[in-house]
Amino acid sequence: MSNYKLGLDYALEQDQKDELNAYRNQFYIPKDNSGNELIYMTGNSLGLQPKQTKSYVNQELKDWANLGVEGHFEAKNPWLAYHEFLTENMAKIVGAKPIEVIVMNTLTANLHFMMASFYQPTKSRYKILIESDAFPSDKYAVESQLRHHGFDHKEGLILWKPRKGKELLDYETLETILKSHGDEIALIMIGGVNYYTGQFFDLKRITELGHNHGCIVGFDCAHGAGNVELNLHDSGADFAAWCTYKYLNSGPGSLAGCFVHERHAYRKDLNRFAGWWSHNKQTRFNMRGEFDQLPGAEGWQLSNPPILSMAAIKSSLDIFAEVGIEKLIKKSKKLTGYFEFLLNTLGEDTIKIITPNSPDERGCQLSIQVKHADKSLHDKLTEADVISDWREPDVIRCAPVPLYNSFEDVYRLVEKLKSILN
């Protein structure tokens, strides 16, 4: 879109036209010591708190206070089935069927539980492929899985690397790796949106490539859920996991989501770590029977869920359900495009955006390399009331989140960056 314009008036005019503009008032925007709102651009690290979350959590505290253990059945939102209140809205956000989605555990724990089932190495096919600059936690997790199964974690790890001099990954390189090593690779596990570059991968293409070579394919969608249209069911991926505290605004360290494709829903041959919450709901409390596994993603649960965390997730998901992921993506593309347009006015000799310039290959995060800059530039931005984040060696990540960031936020951020650079 090339019809963006310069100047504050244009930004204010876009905010007035924005049909989602009012949602900003439903979130707490952090303020400086004088009470002025900060320019918050780190929804890719921790989403802001919806104002209604307090009442959702208070409802459960009230029911706990008044009902004690009876809250499992008698609470306004009975705790026994609380995770079920989240499933449908979460499934819509990630493009899945309700039977494919569960909210449970935390992100890396979920990846390990998925690998317990789907990483089935043999002597000849045991390697794991990840992107070379995967989020560190993913790398640690797959390395530990290799060691757990008795393999050398360096020799067993295959890295999908960008071509020399490039930041972004390309599919031709992936195809070449699979042609050479496909029969040695048991698992492909990629970050659906790369945390560093912001590159949004073609999940369906990767899955088809992997499956053609007999590999299991899974994704870490921490930077994708609530940010891009993941379409997990249509992608054909075997599994995926994501956190809920970034774009899904559920609070620091909150529970994660998990996807298991429908074709695995009734498979009892898959090895898994089980617990009583993955047992048949009708007979769960009989206590003496043999394990009777629930179908679908629910069948990977272990323990009864932490209700206070789920209440915060429910609060945010209710907002997403009201807005709809399609409207969010539409605004996101426009807002991020405007951000890109303004950054490009600073000149190629000053900055470089390493995130793909195609709106279909990114979410709202732009990763900005500033020539000859170090972390002191990020520190100056922070002093200028801009909350962004720095990633070594030389990248500032900014994410204008469509639910609560405005065109004015974007305009003011770039003006502050300009004055610091000058």
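Details of the structure are given in the entry above.
Trainee: A description of the side chain of Asp15 should follow, citing residues and the corresponding values.
Mentor: Mapped onto the elements of the fold, Asp15 is located in helix H1 (residues 8-17). Despite being buried, Asp15 has no salt bridge partner; Lys331 is the closest side chain of opposite charge, sitting 5.6 Å away. A polar contact of 2.8 Å, which involves the side chain of Asp15, links it to the backbone nitrogen of Phe407. If we skip the residues at most four places from it in the chain, Asp15 touches Asn21, Ser406, Phe407 and Glu408.

Trainee: I'd like to hear about the packing of aromatic side chains, residue by residue, with values.
Mentor: This model, assessed by the stated rule, comprises 17 aromatic pairs. Where Tyr4 meets Phe341, the ring centres are 5.7 Å apart and the plane angle is 35 degrees; that geometry is what we call tilted. With Tyr4 in the segment before H1 and Phe341 in helix H11 (residues 325-344), this residue pair connects regions lying 337 residues apart in the sequence. Look at Trp276 and Phe285: their rings are 5.3 Å apart centre to centre, the planes differ by 70 degrees, and that puts the pair in the edge-to-face class. Every member of this aromatic cluster is reached through a ring pair, and the members are Tyr4, Tyr10, Tyr338, Phe341 and Phe407. Positioned above the aromatic ring of Tyr28, the side-chain terminus of Lys51 is 5.8 Å from the ring centre. Residue placement shows Arg272 over the ring face of Trp300; its charged tip is 3.7 Å from the ring centre.

Trainee: An account of the packing of helix H5 (residues 107-118) against helix H6 (residues 136-148) is requested, with residue identities and associated values reported.
Mentor: The geometry of H5 relative to H6 is characterised by a closest axis approach of 10 Å and an angle of 30 degrees between their N-to-C directions. Between H5 and H6 the crossing geometry is right-handed. Along the contact surface, H5 presents Thr108, Leu111, His112 and Met115, while H6 presents Ser137, Asp138, Ala141, Val142, Ser144 and Gln145. Each residue belonging to the contact of H5 with H6 can be placed in one class, and the counts come to four nonpolar, five polar and one charged.

Trainee: Kindly report on the sheet that holds strand E10 (residues 366-370), identifying the contributing residues and their values.
Mentor: Taken together, four strands build an open sheet; the order of strands is E9-E10-E13-E12 and the sheet is antiparallel. Sheet topology places strand E9 (351-353) and strand E12 (389-391) at the edges, where each strand pairs with a single neighbour. Direction aside, neighbouring strands of the sheet carry axes that sit 30 degrees apart on average. Here three bridges tie E12 to strand E13 (residues 395-398), and the two strands are oriented antiparallel to one another. Looking at the pairing, Arg391 lines up with Val395 of E13.

Trainee: Could you give an account of the pairing of strand E3 (residues 127-131), naming the residues involved and the relevant values?
Mentor: In the case of a regular strand, side chains alternate between the two sheet surfaces. E3 sits mainly inside the fold: five of its five residues count as buried. On E3, burial covers both faces: Lys127, Leu129 and Glu131 on one face and Ile128 and Ile130 on the other are all buried. Pairing of E3 with strand E5 (residues 185-191) involves three bridges; the strand directions are parallel. Residue pairing in the sheet places Lys127 in a bridge with Ile185 of E5. Bridging between E3 and strand E4 (residues 157-160) involves four bridges; their strand directions are parallel. Across the sheet, Ile130 pairs through a bridge with Leu159, a residue of E4.

Trainee: Could you give an account of unusual backbone geometry, naming the residues involved and the relevant values?
Mentor: The amide bond that connects Glu392 to the next residue, Pro393, takes the cis arrangement and shows omega of 5 degrees. As for its placement among the helices and strands, Pro393 is situated in the loop between E12 and E13. Of note, Met287 is a non-glycine position whose phi angle comes to about 70 degrees, a positive value. Position of Met287 relative to the elements: it lies in the loop between strand E8 (256-260) and helix H10 (307-323).

Trainee: Before we move on, can you summarise the pattern of salt bridges with the specific residues and values?
Mentor: Scanning the entire structure with this criterion turns up 25 salt bridges. We note a salt bridge from Arg205 to Glu175, for which the minimum N-O separation is 3.5 Å. Highlighted residues: Arg205 in helix H8 (residues 203-212) and Glu175 in helix H7 (residues 171-181), separated in sequence by 30 residues. For Glu175, a relative accessible area of 25% puts it in the partly exposed group. Notably, a salt bridge pairs Glu340 with Arg362, separated by 3.1 Å at the nearest N-O pair. Of this pair, Glu340 sits in helix H11 while Arg362 sits in the loop between E9 and E10, placing them 22 residues apart in sequence. The structure contains a network of salt bridges with shared partners spanning Arg24, Glu37 and Asp409.

Trainee: Quick rundown of the environment of Ser332? Include the residues and the values.
Mentor: Position of Ser332 among the secondary structure elements: in helix H11. In this structure Ser332 comes out as buried when scored by relative accessible area, which is 4%. Between the alpha carbons of Ser332 and Ile206 there is a distance of 24 Å; along the sequence they are 126 residues apart. Residues contacting Ser332, with those up to four places away along its chain left out, are Gly363, Cys364 and Pro402.

Trainee: Could you give an account of the sheet that holds strand E2 (residues 101-104), with specific residues and numbers?
Mentor: As summarised here, the arrangement of the seven strands in space is E2-E8-E7-E6-E5-E3-E4, forming an open sheet in which the pairing is mixed. Edge positions in the sheet fall to E2 and E4, since each has one partner strand and no second. Direction aside, the axes of adjacent strands within the sheet are offset by 20 degrees on average. Of the pairings in the sheet, the one linking E2 to E8 comprises four bridges and is antiparallel in character. Each residue of the ladder has a partner; that of Met104, found in E8, is Ala256. Contacts from helix H4 (residues 84-94) reach E2 and strand E7 (239-243) within the one sheet, and its direction differs from that of E2 by about 115 degrees. Packed on one face of the sheet, H8 meets E4, E5 and strand E6 (216-220) and runs near 150 degrees to E6.

Trainee: A description of the side chain of Lys127 should follow, citing residues and the corresponding values.
Mentor: By the secondary structure assignment, Lys127 is in strand E3. Separated by 2.7 Å, the side chains of Lys127 and Glu184 make a polar contact. Not counting residues within four places of it along the chain, the set of residues in contact with Lys127 comprises Glu155, Gly156, Ile158, Glu184, Ile185, Ala186 and Leu187.

Reading the values: the criteria
Residues numbered from 1 in each chain as written. Predicted model: local features only at pLDDT ≥ 70, side-chain atom pairs only at ≥ 80, totals over all residues. Heavy atoms only, no water. Helix = DSSP H or I, 4+ residues; strand = E, 2+ residues; numbered from the N terminus. Buried < 20%, exposed > 50% of the residue type's maximum accessible area, 1.4 Å probe, protein only. Lys, Arg positive; Asp, Glu negative; His and termini not counted. Salt bridge = Lys/Arg side-chain N within 4 Å of Asp/Glu carboxyl O. Polar contact = N/O pair within 3.5 Å; in protein donor to acceptor, adjacent residues only side chain to side chain. Contact = heavy atoms within 4.5 Å. Phe/Tyr/Trp six-rings, centres within 6.5 Å; stacked < 30°, edge-to-face > 60°. Lys NZ or Arg CZ within 6 Å of the ring centre and 35° of its normal. Axes fitted to C-alpha atoms, helices over the stretch in contact; angles between N-to-C directions. Left-handed = near helix turned anticlockwise from the far one by under 90°. Nonpolar A, V, L, I, M, F, W, Y, C, P; charged D, E, K, R; others polar. Pairing = 2+ DSSP bridges.

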